[in-house]
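Chain by chain, the residues run as shown.
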Amino acid sequence: MGEGIEVVGVSRSFSAVQAVRSVTLTAEPGSITALIGPNGSGKTTLLLMLATLLRPDAGHIRVAGHDPVRQPDEVRARMGWMPDILGSWASLPVRATLEIAGRMYRLPKSAARRRAEELLELVGLTELAAQPTRVLSRGQKQRLSLARALVHDPSVLLLDEPASGLDPAARVDLRVLLQRLAEDGRTVLVSSHVLAELDEMATSAVYLDAGVSVSAERIAASRAGLRPWRVRSLGADPAAADGADSTALADALRAVGVPAERISADHLGLLVGVRDEGDAAALLAALVTRGVAVSSFAPAFGELEQTFLDLHRGNRS
Amino acid sequence: MTTYLSGIGTVLALELRQRIRGVAWYVLLGVFVALVALITVLLWLSIGVSDGLGGFLFSGILFFVLLLGTLVAPALSGNAINGDRDAGTLATTQVTLLTTGQLVLGKFLAAWLTALAFLLVSLPFLLFAVVAGGVGPGTIAVSVLVLAVELGVIAAIGVGLSGILTRPLFSIVVTYLAVAALSIGTLIVFTLAGMATSSEARTTTFDVASVNEDVPLPEGVICSPPSVTTYTVPRFDYYWGVLAANPYVVLADSAAGQFDADDQPTDLFTATAVGVRQAQIAPDLDATFDYCTELREEGSAGGIDSGRFPSSREVFESTVPTWFVGLAIHVVLGAGALVWATARTRTPAARLPRGSRIA
């Protein structure tokens, strides 16, 4: 289904501000690609260019096999975009909003009506179908916006912060829905700040930093550093991190050969700097062999979050 | 073609549905009807029941509808595009298969139809005026049509400016200023320019010095030497073209002139048109009033008789109509605003207005 997204050397500036300097990325059909970067790194500008709304200054873009500048209609027919701003026609009912969105994609009236019902069901807004959109909560507007992006059954989905404002249950629903859409062979590009959420669904990730997509080498390099893992043992009360029990765990860590400078504490327990997963497995084995009752041993941050933090830190130092 | 029209229809339906759902809209229409009713009653009382009642009522109501239309239409159309951008709904329509032209035209038609609703609710009063009599069928058809087009022009200027300017409040204000420039600005320019370029005029008068009744007529009248007075006259005849762009003048001038047996106007349109067209006639800068010769030849000095000054009907019939020129200027202005707005709203956008967010 479709050809995914291909971006090579794209840049875009707004008068003095260079929002996107040089972005190169690929998003494959059937995958969920995470677009990650700090505020102001150019995520939204990049998505606007992919969504045929903004003309790039330089570079080459293909969305579903077409150029958004020269063939905007071809792209629009195959691409669904969910903006980061939640605009809706305030006085129109939810159902009518989706029907009109369908009409704007040249669906015949009856097809637009059928499609609206399907989408209401899909995003769980059936009960609110007759309400004007102004009464919707932020999370419900978010779901309406997603439904609108899906109205013409696009093969490429561009989602700008789709999870913000959603409660945990709705986030799980969103994740399941996006995974299902990707399994159908669609290309899904998601930008988000909720990295833990992306961690669970994204099959690949693109990092943006100050308008530049971060190269695979730089990501690999950032991963070569030490990663904090959180260790807790039975009897170690996190509320008494400075107390005797916590000291006992720290002593045990030092005893199995962890240098003291790699051990730190936060309110949840001890953090140990570990080079890679093999290193972590060896450390766990050593602790268990010593008779430490380990109750929790896990990376302190998710994969995407860790890379994001590393890149950000590396950028500032 | 049908796809194109159906896209415009979708935008039109969307815009109208949003407006019709607002309570404010019905309140506005109600206030409007009340005002037109009040004006009808006041006109009726002031004119009294006479032959001219229908004509004055009809034209008075239409003038009033134009006045209220120009006051209401900018507010209803002046934020059509940039208001959507502010609400975050513009970009979501721009990523669909709607073209920018369909979007702008749909919004224009919605604004126009909304303004026409004001004409529609005043129809009962117009009907009453027609029943009262004295309104020519030509006047009914042409003036209602011209008023409808004028409301469309204001809607087009409003929607156009909302696409050209970034801030909704600013574009609404500029729309009002544009309407004011046409309605009041033309009048101010006409008046001031006419006063500023005045000419010196001279009147030569030959009066009768004495009459010897014993001598037969021509010789018995002794003429006094000519008396010459000079004064300045404003030259409105240079600037009458400015008034052609005034929407009230366009509406008045488009109606077929209606005169009574004394060649006096029987409706406000004709009265206005005669007043405006009077300006086309250049003042006589070297007038000679020879009362003496007149007396000698005709036996009576008529003085300033009515035959010397043209009647309203003569003024009307001896001058050129300007309404189609004014209407053409307005239509070009409105269409130009829409074309410019379409160019500014087109995506993918190369250039963004300062401080605007596209989404």
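Since this is a predicted model, take the numbers as computed values, not measurements. Going along each chain's sequence as written, the residues are numbered from 1 onward. Working convention: letters from A go to chains and numbers from 1 go to ligands, in the order in which they are written. Only residues with pLDDT of at least 70 get local features here, since the model is predicted, and only at 80 or more are side-chain atom pairs given and counted; chain-wide, interface and lining totals rely on the full set of residues. For side-chain calculations, the full set of non-hydrogen atoms in the structure is used, while hydrogens and water are omitted.

Caption draft 1: Layout of the overall build of chain A. Along chain A, the regular secondary structure elements total 11 helices and 13 strands. With 317 residues in all, chain A has 50% of them scored as buried. For this analysis, residues touch if any pair of their heavy atoms sits within 4.5 Å. Considering only residue pairs separated by 6 or more positions, chain A has 71% of its internal contacts joining residues 24 or more positions apart. Areas reported as accessible are Shrake-Rupley estimates using a 1.4 Å probe. Residue values count occlusion only from the protein chains shown. Looking at chain A as shown, the accessible area adds up to about 13900 Å², and 51% of this sits on carbon and sulfur atoms. Of the side chains in chain A, 35 bear a positive and 37 a negative charge, and the two mean positions are spaced by 7 Å. Per the convention used, a helix needs a DSSP run of H or I reaching at least four residues, while a strand needs a run of E reaching at least two, with both numbered from the N terminus. Burial classes: relative accessible area under 20% of the type maximum marks a residue as buried, over 50% as exposed, and values in between as partly exposed (1.4 Å probe, protein chains only). Positive charge is attributed to Lys and Arg, negative charge to Asp and Glu, and no charge count is given to His or to the chain ends. Here the site of a charge means atom NZ of a Lys, CZ of an Arg, CG of an Asp or CD of a Glu.

Caption draft 2: Focus on the nonpolar core. Formed by 73 residues in total, the largest nonpolar core has its most connected members in I5, V7, L46, L50, W81, L158 and L178 of chain A. Top element by residues in this core is helix α6 (residues 168–183) of chain A. It accounts for six residues. Discounting residues that sit within four places of it in the chain, I5 of chain A has contacts with L25, T26, A27, L50, R62, V156, L158, T187 and L189 of chain A. V65, A73, F125 and L126 of chain B belong to the second largest nonpolar core, which has 39 residues in total. By nonpolar core we mean a set of buried residues, namely Ala, Val, Leu, Ile, Met, Phe, Trp, Tyr and Cys, connected to one another through side-chain atoms within 4.5 Å.

Caption draft 3: The arrangement of the interface of chain B and chain A in detail. Contact with chain B, which involves 27 residues of that partner, is made by 33 residues of chain A. Both faces considered, chain B and chain A share a buried interface measuring about 2900 Å² in area, 66% of it formed by carbon and sulfur atoms. Looking only at chain B, the three residues that lose the most surface to chain A are V95, L97 and P348 of chain B, adding up to 26% of its buried area. Within the residue set of the side of chain B that touches chain A, elements represented by two or more residues are α1 (2–20) and α5 (90–94) of chain B. If one sorts the elements of the side of chain B that touches chain A by residue count, α1 of chain B sits on top with six residues. Residues are grouped as follows: Ala, Val, Leu, Ile, Met, Phe, Trp, Tyr, Cys and Pro are nonpolar; Asp, Glu, Lys and Arg are charged; every other residue, Gly included, is polar. Residues belonging to the side of chain B that touches chain A are distributed by class as follows: 12 nonpolar, 11 polar and four charged. The buried area of a pairing is the accessible area, by a 1.4 Å probe, that goes missing from both parts when the two are put together, added over both.

Caption draft 4: Representation of the pairing of strand β12 (residues 269–274) of chain A within the structure. Residue and element names in this part refer to chain A. Counting buried positions along β12 yields six of six residues, so the element is predominantly enclosed. The pairing of strand β10 (residues 227–233) with β12 spans five bridges and is classified as antiparallel. Bridge pairing links P228 to G273 in β12. By the convention used here, strands pair only if DSSP detects at least 2 bridges between them. Once strand β11 (residues 263–266) ends, the chain turns through two residues before running back antiparallel as β12.

Caption draft 5: Quick look at the sheet that holds strand β1 (residues 198–206) of chain B. Residues and elements named next belong to chain B. Taken in spatial order, the three strands line up as β4-β1-β5 in an open sheet, and their pairing is mixed. Looking at the sheet topology across the chains shown, the edges are occupied by β4 (227–234) and β5 (286–290). Neighbour-to-neighbour, the strand axes of this sheet turn through a mean angle of 20°, independent of strand direction. To obtain an axis, a line is fitted to C-alpha atoms, over the contacting stretch when the element is a helix, and the angle between two such axes runs from 0 to 180 degrees between their N-to-C directions.

Caption draft 6: View of the packing of helix α3 (residues 53–77) of chain B against helix α9 (residues 168–196) of chain B. Residues and elements named next belong to chain B. With their axes 8 Å apart at the nearest point, α3 and α9 run at an angle of 150° to one another. On the basis of the axis angle, α3 is roughly antiparallel to α9. When you trace α3 past α9, the crossing you get is right-handed. Contact residues: T70, L71, P74 and A75 in α3; I172, T175, Y176 and V179 in α9. Residues that form the contact of α3 with α9 fall into these classes: six nonpolar, two polar and no charged. In this scheme, roughly parallel covers angles under 35 degrees and roughly antiparallel covers those over 145, while 65 to 115 is roughly perpendicular and the rest are oblique. Two helices that cross are described as forming a left-handed crossing if the nearer one is turned anticlockwise from the farther one by less than a right angle, and a right-handed crossing if clockwise.

Caption draft 7: Fine view of the environment of P228 of chain A. Note that P228 of chain A resides in strand β10. If sequence neighbours within four positions are ignored, P228 of chain A has contacts with V272, G273, P299, A300, F301 and Q306 of chain A.

Caption draft 8: Molecular detail of the packing of helix α3 (residues 94–104) of chain A against helix α4 (residues 109–123) of chain A. All names here are of chain A. Remark: α3 packs on α4, axes separated minimally by 8 Å, with the N-to-C direction vectors making an angle of 130°. On the basis of the axis angle, α3 is oblique to α4. The hand of the α3/α4 crossing is right-handed. Between α3 and α4, the contacting residues are V94, R95, L98, E99, G102 and R103 on the first element and K109, A112, R113, A116, E117, L119 and L120 on the second. Class assignment for the residues of the contact of α3 with α4 results in six nonpolar, one polar and six charged.

Caption draft 9: Summary view of empty space enclosed by the protein. Residue and element names in this part refer to chain A. For cavity detection a 1 Å grid was placed over the protein atoms alone, and a set of points counts as a cavity when a 1.4 Å probe fits there but cannot get out; an open set counts as a pocket when protein lies on both sides within 12 Å along at least five of seven lines, with lining residues being those that have an atom within 4 Å of a point. Grid points are joined across faces, edges and corners, and a volume is the space filled by probe spheres set on the points. Applying the stated criterion across every chain, the model contains eight cavities of 30 Å³ or more. As a volume, the second largest cavity reaches approximately 60 Å³. Lining the second largest cavity we find I36, G37, P38, Y207, L208, D209, V214, F308, L311 and H312. Broken down by secondary-structure element, the contributors of at least two residues to the lining of the second largest cavity are β8 (204–209) and α11 (303–316). Among the residues forming the lining of the second largest cavity, the class breakdown is seven nonpolar, two polar and one charged. Source of the domain bounds: an automatic or database domain assignment. Looking at which domains feed residues into the lining of the second largest cavity, each of domain 1 (5–214) and domain 2 (226–316) gives three or more.

Caption draft 10: View of the domain arrangement of chain A. Residue and element names in this part refer to chain A. In terms of domain boundaries, chain A breaks down into domain 1 (5–214) and domain 2 (226–316). Look at where the C-alpha atoms of domain 1 and domain 2 centre, and you get two points 38 Å apart. Facing the 11 residues of domain 1 at the interface are nine residues of domain 2. The contact between domain 1 and domain 2 buries some 860 Å² in all, and 72% of this surface belongs to carbon and sulfur atoms. When the area that domain 1 buries against domain 2 is broken down by residue, the three leading residues are L195, D199 and Y207, summing to 54%. Only β3 (32–36), α7 (195–201) and β8 provide two or more residues apiece to the side of domain 1 that touches domain 2.

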